[in-house]
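One letter stands for each residue in the lines below.
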Amino acid sequence: MRFWSFWFNSFVLSSQYNPPRFVELLMLLLAIALLAIASILPDKPYLILGLSLVVGASISILVREAIAPSPQTRITQLTASLLLIISLYGFADLMYAL
């Protein structure tokens, strides 16, 4: 019980300390789950929703880093740009397959 209490308190504290980063984390975790489901089930809605969550989180990260840079700005921007390019490529491939 103490283990879950620690994680829950950390979860609440991180959501209060930096809400934009917390929302981006939730978006990326949900996108990972949806893309994992899309790899198991051949349904397009899971893939589309997962890719759109990745695009939204990547753009949010890039805007946040442009407004208020963090100590690791370069790495964060590079990772967000890479995620954005990969997800846009996934959308283009999906449109080509339709």
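All values reported here derive from a predicted model rather than from experimental measurement.

**Section: the overall build of the chain**
And then number 1: For the chain, the count of helices and strands is four helices and zero strands.
And then number 2: Along the chain direction, N to C, the helices and strands of the chain fall in the order α-α-α-α.
And then number 3: A globule of 98 residues ought to have a C-alpha radius of gyration of about 13 Å, yet the chain, at 16 Å, is considerably larger.
And then number 4: Each principal axis of the C-alpha distribution contributes one length, and for the chain these read about 45 × 35 × 15 Å.
And then number 5: Per-residue burial over the chain gives 23% buried out of 98 residues.
And then number 6: Summarising the internal contacts of the chain: among those between residues at least 6 apart in sequence, 52% fall at separations of at least 24.
And then number 7: Element-wise, carbon and sulfur atoms account for 76% of the exposed surface of the chain, whose accessible area totals about 7,300 Å².

**Observations concerning the pattern of salt bridges**
And then number 1: Tallied over the full model, the rule gives three salt bridges.
And then number 2: In this structure, Glu65 engages Arg21 in a salt bridge whose closest nitrogen and oxygen atoms are separated by 3.9 Å. With Glu65 in helix H3 (residues 44-67) and Arg21 in helix H2 (residues 19-40), this pair connects stretches of sequence that are 44 residues apart.
And then number 3: The exposure class of Glu65 is buried, given its relative accessible area of 1%.
And then number 4: Here Glu24 and Arg64 are joined by a salt bridge, their closest N and O atoms 2.8 Å apart.

**Description of the UniProt feature "transmembrane region" (unreviewed entry) in the chain**
And then number 1: Using the residue numbers shown here, the UniProt feature "transmembrane region" (unreviewed entry) corresponds to residues 21-40, 46-63 and 75-92.
And then number 2: Regarding residues 21-40, the helix share stands at 100% and the strand share at 0%, and the terminal C-alpha atoms are separated by 29 Å.
And then number 3: Segment residues 46-63 splits into 100% helix and 0% strand. End C-alpha atoms: 26 Å apart.

**As for the packing of H3 against helix H4 (residues 73-97)**
Each pair of packed helices gets described by two things: the angle between the helix axes and the distance between those axes.
And then number 1: Their axes nearest at 9 Å, the elements H3 and H4 cross at an angle of 150°. Here H3 lies roughly antiparallel to H4, going by the angle between them. Considering only the axes of H3 and H4, their crossing is left-handed. Listed contacts from H4 to Lys44, Leu47, Ile48, Leu51, Ser52, Val54, Val55, Ser58, Ile59, Ile61, Leu62 and Glu65 of H3 are Thr73, Thr76, Gln77, Ala80, Ser81, Leu83, Leu84, Ser87, Leu88, Gly90, Phe91 and Leu94.
And then number 2: Here the contact of H3 with H4 is composed, by residue class, of 14 nonpolar, eight polar and two charged.

Conventions used here
Residue numbers here run from 1 along each chain, matching the order of that chain's written sequence. Predicted model: local features are reported for residues with pLDDT of at least 70 only, side-chain atom pairs are reported and counted for 80 or more only, and whole-chain, interface and lining totals are derived from all residues. Only hydrogens and water are removed before side-chain values are computed, so all heavy atoms of the structure are retained for them. A run of H or I in DSSP becomes a helix once it reaches four residues, and a run of E becomes a strand once it reaches two; helices and strands are each numbered from the N terminus. Within these notes, the globule rule equals 2.2 Å times the number of residues to the 0.38 power, and the radius of gyration is based on C-alpha atoms. Burial classes: relative accessible area under 20% of the type maximum marks a residue as buried, over 50% as exposed, and values in between as partly exposed (1.4 Å probe, protein chains only). Should any heavy atoms of two residues lie within 4.5 Å, those residues are counted as being in contact. Residue-level accessible areas treat just the shown protein chains as cover; the underlying method is Shrake-Rupley with a 1.4 Å probe. In what follows, salt bridge is the name for a side-chain nitrogen of Lys or Arg lying within 4 Å of a carboxyl oxygen of Asp or Glu. UniProt positions are given in the numbering used here, feature names are shortened, and annotations may be inferred rather than shown by experiment. Axis angles are defined between N-to-C directions and span 0 to 180 degrees, where every axis is a line fitted to C-alpha atoms and, for a helix, only to the segment in contact. Here the word oblique covers every angle except those under 35 degrees (roughly parallel), over 145 (roughly antiparallel) and from 65 to 115 (roughly perpendicular). Handedness of each helix crossing follows the sense of rotation of the near helix against the far helix: counterclockwise by less than a right angle gives left-handed, clockwise gives right-handed. Three classes are used, and their members are as follows: Ala, Val, Leu, Ile, Met, Phe, Trp, Tyr, Cys and Pro are nonpolar, Asp, Glu, Lys and Arg are charged, and the others, Gly among them, are polar.

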